[in-house]
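Geometric and topological summary
Next come the chains, spelled out residue by residue.
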Amino acid sequence: SFASVTETESSNTDRQSSVPSSTDSNRPLSRPLISYANLITEAIQNSKEKQLILSKIYEYIEEHYPYFQTASDGWKNSIRHNLSLNKSFYKVPRL
């Protein structure tokens, strides 16, 4: 099942994140200052087809926000929750 986003939501994407600098490599990463809905929107809008399957949304988030690589899997539940309840996202049939 694919997820997509409406144009109105895509224009609201926050770009704030916490990215570690080279001087604080020993400090634990902190959670990015961006909502789950905006993380999803960013992932979808940066995809070639402007739609992604759930696993690709996870991959994008982990690749661009290293905090999620080591965080417990609870954030994945939050992503699924946002996809199912936020009206900006909708399923499109697999091709």
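Residues numbered from 1 in each chain as written. Predicted model: local features only at pLDDT ≥ 70, side-chain atom pairs only at ≥ 80, totals over all residues. Heavy atoms only, no water.

On to the packing of aromatic side chains, then. Throughout the structure, instances matching the rule amount to 4 aromatic pairs. Taking the centre distance of 6.5 Å and the plane angle of 55 degrees together, the rings of tyrosine 36 and phenylalanine 68 count as tilted. A residue pair is termed long-range when its members are at least 10 positions apart, and tyrosine 36 in helix H2 (residues 36-45) and phenylalanine 68 in helix H4 (residues 67-70) qualify at 32 residues. By relative accessible area, tyrosine 36 is classed as buried at 19%. Centre to centre, the rings of phenylalanine 68 and tryptophan 75 are 4.8 Å apart; their planes meet at 50 degrees, and the pair counts as tilted. We classify phenylalanine 68 as buried; its relative accessible area is 1%. Residue tryptophan 75 is classed as buried on the basis of its relative accessible area of 4%. Feature note: the residues Tyr36, Tyr58, Tyr67, Phe68 and Trp75 constitute an aromatic cluster, connected by ring pairs. Of note, arginine 31 hangs over the ring of tyrosine 36, and the distance from its end group to the ring centre comes to 4.5 Å. Over the face of the ring belonging to tyrosine 58 we find lysine 76, whose NZ or CZ atom lies 5.1 Å from the ring centre. (Phe/Tyr/Trp six-rings, centres within 6.5 Å; stacked < 30°, edge-to-face > 60°. Helix = DSSP H or I, 4+ residues; strand = E, 2+ residues; numbered from the N terminus. Buried < 20%, exposed > 50% of the residue type's maximum accessible area, 1.4 Å probe, protein only. Lys NZ or Arg CZ within 6 Å of the ring centre and 35° of its normal.)

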